[in-house]
Amino acid sequence: MKTMKRFQIVILGLLLCSLASAQPAQNPQTFCNPMNLNYMFFDDAPDGREAADPVIVLFKDDYYLFASHSGGYWTSPDLRNWELIIPTGLNIANYAPATVVMRDSLFFITSEGVAQVYKTDDPKSGKWISQSIPKGYQDPALFLDDDGRLYMGHGLSQGNPIYVVELDPKTFREIGSQVAAFSGQESIHGWERRGEGTVFQSDLRPWVEGAWLNKEKGKYYLKYSAPGTEWKTYSDGVYVADSPLGPYEYAPYSPVDFKPTGF
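What you see is a predicted model; the values in this text were computed from it and never measured.

Draft legend 1. Representation of the overall build of the protein chain in the model. Looking only at helices and strands, one finds one helix and 20 strands in the protein chain. The 263 residues of the protein chain split such that 39% are buried. The long-range fraction of contacts in the protein chain, counting pairs at least 24 apart against all pairs at least 6 apart in sequence, stands at 41%. Per element, the accessible surface of the protein chain, about 15100 Å² overall, is 55% carbon and sulfur.

As C-alpha cells, then:
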C-alpha cells in the first residue's frame, strides 16, 4: 500500500511538472518571426498584412516600434512584450517611418514626400504635435551624430542614388548641399540584379532604397536595399565612410543579409 501511494505521488508530481512546463513563459527568451503583433491588414487584400519598414528606437528606457500603415505603434520594456498605442496628431498612414531622439523628445517623419515632422515628449501618451518642414524625403533615415549634428539619408529610385544631407536640428532645413553617396551597380554587384533564380532582367536597373545610417567605432555605415521588394532575392548592402557625408566605399562583405526565398 505504501508503495502504491508513493507511486501515485510520483505520477501526480510528474503531471504537475508537465502542466507547468506547458504554460507560456512569463519572460520568454526567444520569439518567432513574424512577431505576434496586432497590426493591420490591407484594405484591398484581406489576406495581406501591412507594417513594412519597421524601425525601433530607445527613448527613456523603453523601446518604440514604428511600421508603415500600422494603425499605431508599439512600446516595450524588453523587446519581447509589446503594447499597441493608438496615437493622436500623428500621421501613421504613410510608408517608411524614421525616428530620432533629440532634446528629450522623440521626432517622427515618414516617406512619400510629406513635409511634416512630428514631436512628442511622452510617446506612451500617444499625443503628438506637428510642424511643417521645408521639404519631404523618400524613404527617410534620420541620424543624430554624437556631436549633435543631424543628418538625413534618403532615396527610393531605379535611377537616382542614395543621398545624405545635413539638417538643422531645430528647423530641419538643409545645411549645405546633398551628397550622392552611391547608386545601384548591378553590373558588378550580382545580388542587385532584378529577377528570380537564373532569369534576370538585365535591361532594368535595381530599386535602391531603404537607407539607414549607423556609427560604430568612428566609422559610418550606410545601409540600403535592392533589387526591389517584388523579388524573392531582396537583400541589404552597406557602404562605409569616415564621415556622414562620405565619401562612401562599398563594403566587400555585402550583402549583409540575403534571402533567396523571400523575406
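Draft legend 2. Structural view of the side chain of serine 157. Structurally, serine 157 can be placed in strand β11 (residues 156-157). A polar contact of 2.8 Å, which involves the side chain of serine 157, links it to the backbone nitrogen of asparagine 160. Once residues within four sequence positions are removed from consideration, serine 157 is found in contact with Pro206, Trp207 and Val208.

Draft legend 3. The arrangement of the pattern of salt bridges in detail. Per the stated rule, a full pass over the model turns up nine salt bridges. The closest approach of N and O atoms between aspartate 146 and lysine 215, which form a salt bridge, is 3.0 Å. One end of the pair, aspartate 146, is in the loop between β9 (141-144) and β10 (150-154); the other, lysine 215, is in strand β16 (residues 208-216), and 69 residues separate them in sequence. On the basis of relative accessibility, which here comes to 66%, the residue aspartate 146 falls in the exposed class. You can call lysine 215 partly exposed: its relative accessible area is 29%.

Draft legend 4. Just the sheet that holds strand β2 (residues 62-66), in detail. With antiparallel pairing, the four strands of this open sheet are ordered in space as β1-β2-β3-β4. The open sheet has two edge strands with one neighbour each: β1 (55-59) and β4 (83-85). Strand after strand, the sheet turns through a mean of 30° between neighbouring axes, direction not considered. Here β1 runs beside β2; their pairing, made up of five bridges, is antiparallel.

Draft legend 5. Just the packing of aromatic side chains, in detail. Per the stated rule, a full pass over the model turns up 15 aromatic pairs. Relative to tyrosine 224, the ring of tryptophan 191 has its centre 5.5 Å away and its plane inclined at 45°; by these criteria the two rings are tilted. Of the two residues, tryptophan 191 sits in the loop between β13 (174-182) and β14 (195-196) while tyrosine 224 sits in strand β17 (residues 219-226), which places them 33 residues apart along the sequence. Taken as a pair, tryptophan 191 and tyrosine 224 share a single burial class, namely buried. An aromatic cluster is built from Phe59, Tyr64, Phe66, Tyr73, Phe108, Tyr118 and Trp128, whose rings are joined through pairwise contacts.

Draft legend 6. Up close: the sheet that holds strand β6 (residues 105-109). Spatial strand order, β5-β6-β7-β8: four strands in an open sheet with antiparallel pairing. Sheet topology places β5 (98-102) and β8 (129-132) at the edges, where each strand pairs with a single neighbour. For this sheet, the mean angle separating the axes of adjacent strands, direction not counted, is 25°. When strand β7 (residues 116-120) meets β8, the two strands line up antiparallel, connected through four bridges.

Draft legend 7. The arrangement of the environment of methionine 35 in detail. Examined against the element boundaries, methionine 35 turns out to sit in the loop between α1 (2-22) and β1. Judged by its relative accessible area of 25%, methionine 35 falls in the partly exposed class. As for methionine 35 and arginine 80, which are separated by 45 residues in sequence, their C-alpha atoms are 9.1 Å apart.

Draft legend 8. Quick peek at the pairing of β1. Burial along β1 is one-sided: Val55, Val57 and Phe59 are buried, while Ile56 and Leu58, pointing the other way, are not. Hairpin remark: β1 followed by β2, antiparallel, with two residues in the connecting loop; positive phi at lysine 60, about 50°.

Draft legend 9. The arrangement of the nonpolar core in detail. Of all hydrophobic cores here, the largest spans 17 residues; its most connected members are Ile162, Ala181, Phe182, Leu213, Leu222, Tyr224 and Tyr248. A total of four residues in this core trace back to one element, the largest contributor, which is β17. Among all residues touching leucine 213, those that are not within four sequence positions of it are Phe143, Tyr220, Tyr221, Leu222, Pro244 and Tyr248. One finds Ala98, Val117, Met152 and Leu167 within the second-largest nonpolar core, a separate group that totals 14 residues.

Conventions used here
- Residues numbered from 1 in each chain as written.
- Predicted model: local features only at pLDDT ≥ 70, side-chain atom pairs only at ≥ 80, totals over all residues.
- Heavy atoms only, no water.
- Helix = DSSP H or I, 4+ residues; strand = E, 2+ residues; numbered from the N terminus.
- Buried < 20%, exposed > 50% of the residue type's maximum accessible area, 1.4 Å probe, protein only.
- Contact = heavy atoms within 4.5 Å.
- Areas by Shrake-Rupley, 256 points an atom, 1.4 Å probe, with all protein chains shown as cover.
- Polar contact = N/O pair within 3.5 Å; in protein donor to acceptor, adjacent residues only side chain to side chain.
- Salt bridge = Lys/Arg side-chain N within 4 Å of Asp/Glu carboxyl O.
- Pairing = 2+ DSSP bridges.
- Axes fitted to C-alpha atoms, helices over the stretch in contact; angles between N-to-C directions.
- Phe/Tyr/Trp six-rings, centres within 6.5 Å; stacked < 30°, edge-to-face > 60°.
- Core = buried A, V, L, I, M, F, W, Y, C linked by side-chain atoms within 4.5 Å.

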